[in-house]
Amino acid sequence: MKEFFKRYSYDIVRLFINQVVIGLFGLVLALAAGMAENETLRVVTGIFAVIFFLFMQFASAWRIGAEDRMAIDIGKKKLDISVPFKVWLLANSLNLLLALLIALGVWFGNGGALSSVAGGATMIKMIIEGMYTGLLASHVGGAALNSYWFVHFLTVVPALPAIAAAYVCGVKNINFGGLFMPNVKK
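Below is a summary of the structure that appears in this document.

Rules of the game
- Residues numbered from 1 in each chain as written.
- Predicted model: local features only at pLDDT ≥ 70, side-chain atom pairs only at ≥ 80, totals over all residues.
- Heavy atoms only, no water.
- Helix = DSSP H or I, 4+ residues; strand = E, 2+ residues; numbered from the N terminus.
- Salt bridge = Lys/Arg side-chain N within 4 Å of Asp/Glu carboxyl O.
- Buried < 20%, exposed > 50% of the residue type's maximum accessible area, 1.4 Å probe, protein only.
- Phe/Tyr/Trp six-rings, centres within 6.5 Å; stacked < 30°, edge-to-face > 60°.
- Polar contact = N/O pair within 3.5 Å; in protein donor to acceptor, adjacent residues only side chain to side chain.
- Axes fitted to C-alpha atoms, helices over the stretch in contact; angles between N-to-C directions.
- Parallel < 35°, antiparallel > 145°, perpendicular 65-115°, else oblique.
- Contact = heavy atoms within 4.5 Å.
- Arc of directions from axis to C-beta.

Quick notes on unusual backbone geometry
Okay, so step 1: Although it is not a glycine, Glu37 sits at a positive phi angle of roughly 55 degrees.
Okay, so step 2: In this structure, Glu37 sits in the loop between helix H1 (2–35) and helix H2 (39–73).
Okay, so step 3: A positive phi is found at Asn173, a non-glycine position, where the angle reads about 60 degrees.
Okay, so step 4: By the secondary structure assignment, Asn173 is in the segment after helix H8 (159–171).

Structural data, given as structure tokens:
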């Protein structure tokens, strides 16, 4: 496990930082659409922010797979399909912890200290996962989506297939016409 952290810690941090930056971008878009009182604009900008986030996650994970491909090709490493799941899990560990705190606050809070912790977790989650804010403000079943505790667990799910698919594409050298290839000066 120590070798895993040594190899992938930078990539895990980069995935998380990408998420925070896109989260702030998505939050600003949602707030601007909310101030304009335009629900359609809020939903459209929310969808755009999520797609942009998934693209950034895909691009970062593709590089991880491409770097591993080199080690696999020369025989220093064997293909381990669990790598993208582990990277995703570590990059999203704070998101999952915050979702758990929110769920515990909903289940056992009753206005006490746990409710306050859940409120703080919700605020932090809104900032670092702001790309979902525009979508989670939509009303379903008479309440906003962000008021349902299980939705906070679902927001981490879209990154998993994006990271897994990107890792496999990187390992297999599927590069979509050079989109993810590094620029090399001639």
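What about the pattern of salt bridges?
Okay, so step 1: Tallied over the full model, the rule gives eight salt bridges.
Okay, so step 2: Between Glu39 and Arg42 there is a salt bridge, and its shortest N-O distance comes to 3.7 Å. Of this pair, Glu39 and Arg42 are both found in helix H2, three residues apart, which corresponds to roughly one turn of the helix.
Okay, so step 3: Take Arg42: its relative accessible area is 10%, and that puts it in the buried class.

Things to note about the packing of aromatic side chains
Okay, so step 1: Under the counting rule described, the total for this entry stands at 12 aromatic pairs.
Okay, so step 2: Judged by centre distance (6.2 Å) and plane angle (0 degrees), the rings of Phe48 and Phe52 are stacked. With Phe48 and Phe52 both in helix H2 and four residues apart, the pair spans about one turn of that helix.
Okay, so step 3: Judged by its relative accessible area of 31%, Phe52 falls in the partly exposed class.

Here we look at the environment of Asp80
Okay, so step 1: Position of Asp80 relative to the elements: it lies in the loop between H2 and helix H3 (83–91).
Okay, so step 2: Take Asp80: its relative accessible area is 30%, and that puts it in the partly exposed class.
Okay, so step 3: Placed 85 residues apart in sequence, Asp80 and Ala165 show a C-alpha to C-alpha distance of 14 Å.
Okay, so step 4: Side chain to side chain, Asp80 and Ser82 meet in a polar contact 2.6 Å long.

Side note on the packing of H1 against helix H5 (residues 113–128)
Okay, so step 1: Where H1 meets H5, the closest approach of the two axes is 6 Å, and the angle between their N-to-C directions is 95 degrees. Relative to H5, the element H1 lies roughly perpendicular. Residues Phe16, Gln19, Val20, Gly23, Leu24 and Leu27 of H1 pack against Met126, Ile127 and Ile128 of H5.

Re H3
Okay, so step 1: Among the residues of H3, Val83, Pro84, Val87, Trp88 and Ala91 are the ones counted as buried. Down the axis, H3 shows its buried residues gathered within 130 degrees of arc, on one side only.
Okay, so step 2: For H3, the elements touching its buried residues are H1, H2, helix H4 (93–108) and H8.

A word on the side chain of Thr133
Okay, so step 1: Position of Thr133 relative to the elements: it lies in helix H6 (residues 133–136).
Okay, so step 2: In this structure Thr133 comes out as buried when scored by relative accessible area, which is 17%.
Okay, so step 3: In this structure Thr133 touches Leu27, Ala30 and Met126, once residues within four positions along its chain are discounted.

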